[in-house]
Amino acid sequence: MKSAFDATDPPSMDGLRACVHCGICLPQCPTYRVLEEEMDSPRGRLYLMRAAAEGRTELTPQLAHHLDLCLGCRACETACPSGVPFGQLLEATRGQLERAGVRAPGAGRGVLRLLLALFPRPDRLRVMLRALRLYQRTGLQAAVRGLDLLAPFKRLRALESLLPSLPAGGRDTLPEITPARGPRKGRVGLLTGCVQSVFFPHVNAETARLLSAAGWEVVTPREQECCGALHLHAGRLADFRGLARPLVAAFPPDLDFVVTNAAGCGSALKEYGHWLPGAEAEMFAAKVRDITEVLVEAELPLQPLPVTVTYHDPCHLVHGQRVRSQPRALLRRIPELRLVELPDSELCCGSAGIYNVQQPEMAGELARRKVERIRETGARTVVSGNPGCLLQIAQESRRQGFELEVLHPVELLGRALRDGGEGRQG
Ligand code: SF4
Ligand code: SF4
């Protein structure tokens, strides 16, 4: 039977056949836990992908629906004893659906198109940021939220509800070179990221300050743009490659590491070798590190912070990059900080790139469960290394009227760094 997939980046047959249908992944899958439907489990989705690959089904809107509902969180990959590369199979299949123009019924493509058009373009992001600041400062946001004026537009409403209080100033004020302090270890590049640089520029500033304190010279290339992670997860493989290649070229080749503080970006960067043929992309991907992987190796002079915190694992860090112990080890190094484990910490919060905007009901349910677990820990500060998770958890805690401080690990480490405000930027 003829495959339903075309010859451009089809999902790997070996990968699909690796699934032995054992079901071990099912309890780890957030959508299966909520819906208890086989076709909304990893095993069911793999069955659909394999049926399409073997020509036993067409690419149908129903098939697209089950794949759209997948968060791409890759918790199933961590659980799977057979090594099924679920993330790559999903992204390749989404690419096939995208090219074939097959859409799930009621799929929210408008918001997806808007966000994918915004993020790769710094000029558009700057305009958007100015407009959003005006929206907040004039009191329009308070009126829109208070009167629930966006209620008829559920995806726009979901997008608006994520908007944090915007920082004053520009996107990034980081110099192109931040010198190392103390004995110099080497040179690293810093990815500033689209969402991070717009909504959390202080996280980038703290990242550079901590790296510098750890002995690294930090190169922040001015010409870097979007890494394409959102495009990759949405199956827009041609657009993704069009962004990834110039990003690789923007970083000097003599760096020891390329550091990111956004788990979604880091996970995509580490897979450049798979999606972009050529030695240059492979070498680049091999140098990519999450900020916690680099800092955990460093001696940082940290002063006491008497605070109780809990830690949420971003999916693209814990499942996509297998970075689990490093953020916890770093937090435990802060004197007097008490870290309490969060039950179901590895379960997705519903953010998943722009999933929370495209699938607001499922994302809302997962966020509700996540904030409930956080409340049960007794901590009033939650830490997580991905801007999407920070926005999602903050939004849900606001909705619940629960006062919660939501921080990136570098924000806490930055507070504890024993040099006062010296060297702070942004
Ligand atoms: S990626 Fe996440 S949501 Fe999708 S099937 Fe795997 S565990 Fe479930
Ligand atoms: S994906 Fe892995 S864990 Fe899940 S059913 Fe298949 S073999 Fe089992």
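Here, the structure is the one placed above.
I will try to describe carefully the structure that is included in this document. (Residues numbered from 1 in each chain as written. Chains lettered and ligands numbered in written order. Predicted model: local features only at pLDDT ≥ 70, side-chain atom pairs only at ≥ 80, totals over all residues. Heavy atoms only, no water.)

Interhelical geometry of helix H12 (residues 201-213) versus helix H24 (residues 409-416) gives an angle of 55° and a closest axis separation of 9 Å. Considering the angle they form, H12 stands oblique to H24. Handedness of the H12/H24 crossing: left-handed. Contact residues: His202, Val203, Glu206, Thr207, Arg209 and Leu210 in H12; Val410, Glu411, Leu413, Gly414 and Arg415 in H24. (Axes fitted to C-alpha atoms, helices over the stretch in contact; angles between N-to-C directions. Helix = DSSP H or I, 4+ residues; strand = E, 2+ residues; numbered from the N terminus. Parallel < 35°, antiparallel > 145°, perpendicular 65-115°, else oblique. Left-handed = near helix turned anticlockwise from the far one by under 90°. Contact = heavy atoms within 4.5 Å.)

We now examine the site of ligand 2. Neighbouring ligand 2 are the residues Cys19, Val20, His21, Cys22, Gly23, Cys25, Arg43, Leu46, Cys80, Pro81, Ser82 and Val84. Class assignment for the residues of the shell around ligand 2 results in eight nonpolar, three polar and one charged. (Near = heavy atom within 4 Å. Nonpolar A, V, L, I, M, F, W, Y, C, P; charged D, E, K, R; others polar.)

Neighbouring ligand 1 are Cys29, Pro30, Pro42, Arg45, Cys70, Leu71, Gly72, Cys73, Arg74, Ala75, Cys76 and Phe86. Looking at the shell around ligand 1, the elements that each hand over two or more residues are helix H3 (42-53) and helix H5 (75-79). Partitioning the shell around ligand 1 into residue classes produces nine nonpolar, one polar and two charged.

Let us now look at the pattern of salt bridges. Across all of its chains, the model carries 29 salt bridges by this definition. Between Glu98 and Arg236 there is a salt bridge; the shortest N-O distance is 3.0 Å. Highlighted residues: Glu98 in helix H6 (residues 86-100) and Arg236 in the loop between helix H13 (229-233) and helix H14 (237-250), separated in sequence by 138 residues. Each member of the pair, Glu98 together with Arg236, is buried. Through salt bridges with shared partners, one network takes in Glu365, Arg368, Arg369, Glu372, Arg373 and Glu376. (Salt bridge = Lys/Arg side-chain N within 4 Å of Asp/Glu carboxyl O. Buried < 20%, exposed > 50% of the residue type's maximum accessible area, 1.4 Å probe, protein only.)

Our focus in this paragraph is the sheet that holds strand E6 (residues 308-311). The four strands are arranged E7-E6-E8-E9 in an open sheet whose pairing can be described as parallel. Since the sheet does not close on itself, it has two edges, and those belong to strand E7 (338-340) and strand E9 (405-407), each with one partner. With direction set aside, neighbouring strand axes in the sheet form an average angle of 30°. Note that E6 and strand E8 (residues 381-383) share three bridges and pair parallel. Across the sheet, residue Val309 finds its bridge partner in E8, namely Thr381. (Pairing = 2+ DSSP bridges.)

Attention now goes to the nonpolar core. Considering soluble globular proteins, one finds that nonpolar side chains tend to be buried as a cluster. Counting residues in each nonpolar core, the largest one holds 75 residues, and the members touching the most others are Leu211, Leu295, Leu300, Ile334, Ile393 and Leu412. Excluding residues that lie within four positions of it along the chain, Leu412 makes contacts with Leu305, Val309, Leu331, Ile334, Leu337, Val383 and Leu407. The next biggest cluster of nonpolar side chains, apart from the first, holds 26 residues, and it includes Val219, Tyr272, Trp275 and Val288. (Core = buried A, V, L, I, M, F, W, Y, C linked by side-chain atoms within 4.5 Å.)

Summed over the entire model, instances satisfying the criterion amount to four aromatic pairs. Geometrically, the ring pair formed by Tyr272 and Phe284 is stacked, given 5.7 Å between the ring centres and 20° between the ring planes. Taken as a pair, Tyr272 in helix H16 (residues 272-275) and Phe284 in helix H17 (residues 279-287) lie far apart in primary sequence, twelve residues in all. When sorted by exposure, Tyr272 lands in the same class as Phe284, which is buried. (Phe/Tyr/Trp six-rings, centres within 6.5 Å; stacked < 30°, edge-to-face > 60°.)

Taking strand neighbours across the sheet as the criterion, the five strands line up as E1-E3-E2-E4-E5 in an open arrangement whose pairing is mixed. Every interior strand has two partners, whereas the edge strands, strand E1 (177-178) and strand E5 (288-290), have only one. Alignment of E1 against strand E3 (residues 216-219), held across two bridges, turns out to be antiparallel. In the sheet register, Ile177 faces E3, and the bridge partner there is Val219. Where H12 meets the sheet, it contacts E1, strand E2 (186-190), E3 and strand E4 (257-260), and its direction lies at approximately 150° from that of E3. Sitting on the sheet, H17 touches E4 and E5, and the angle it makes with E5 is about 25°.

On to the pairing of E2, then. In terms of burial, E2 is a largely internal element, five of the five residues being buried. Burial along E2 is two-sided: Gly186, Val188 and Leu190 facing one way and Arg187 and Gly189 facing the other are all buried. Here E2 runs beside E3; their pairing, made up of four bridges, is parallel. Across the sheet, residue Gly189 finds its bridge partner in E3, namely Val219. By the bridge criterion, three bridges tie E2 to E4 in an arrangement that is parallel.

This next bit is on helix H8 (residues 122-137). Taking 1.5 Å per residue as the helical rise, H8 with its 16 residues ought to reach 22 Å, and the 22 Å between its terminal C-alpha atoms agrees with that figure. When H8 is considered as a whole, its buried residues turn out to be Pro122, Leu125, Met128, Leu129, Leu132, Arg133, Tyr135 and Gln136. Taken around the axis of H8, the buried residues stretch over an arc of 155°, which confines them to a single face. Facing away from the buried side of H8 by more than 90 degrees, the exposed set consists of Arg130, Leu134 and Arg137. Against helix H7 (109-118), helix H9 (140-146), helix H10 (154-161) and helix H11 (194-199) lie the buried residues of H8. (Expected span 1.5 Å × (residues − 1). Arc of directions from axis to C-beta.)

A separate point is unusual backbone geometry. The phi angle of most residues is negative, glycine excepted, and most peptide bonds adopt the trans form. One non-glycine residue with positive phi stands out, namely His21, at about 65°. Along the chain, His21 turns up in the loop between helix H1 (13-17) and helix H2 (30-35). The exposure class of His21 is partly exposed, given its relative accessible area of 45%. Here Asp148, not a glycine, exhibits a phi torsion of approximately 50°, which is positive.

What follows covers the pairing of E4. Two strands pair when backbone bridges link them, and E4 and E5 are joined in this way by three bridges, in the parallel orientation. Paired with Thr260 across the bridge in E5 is Asp290.

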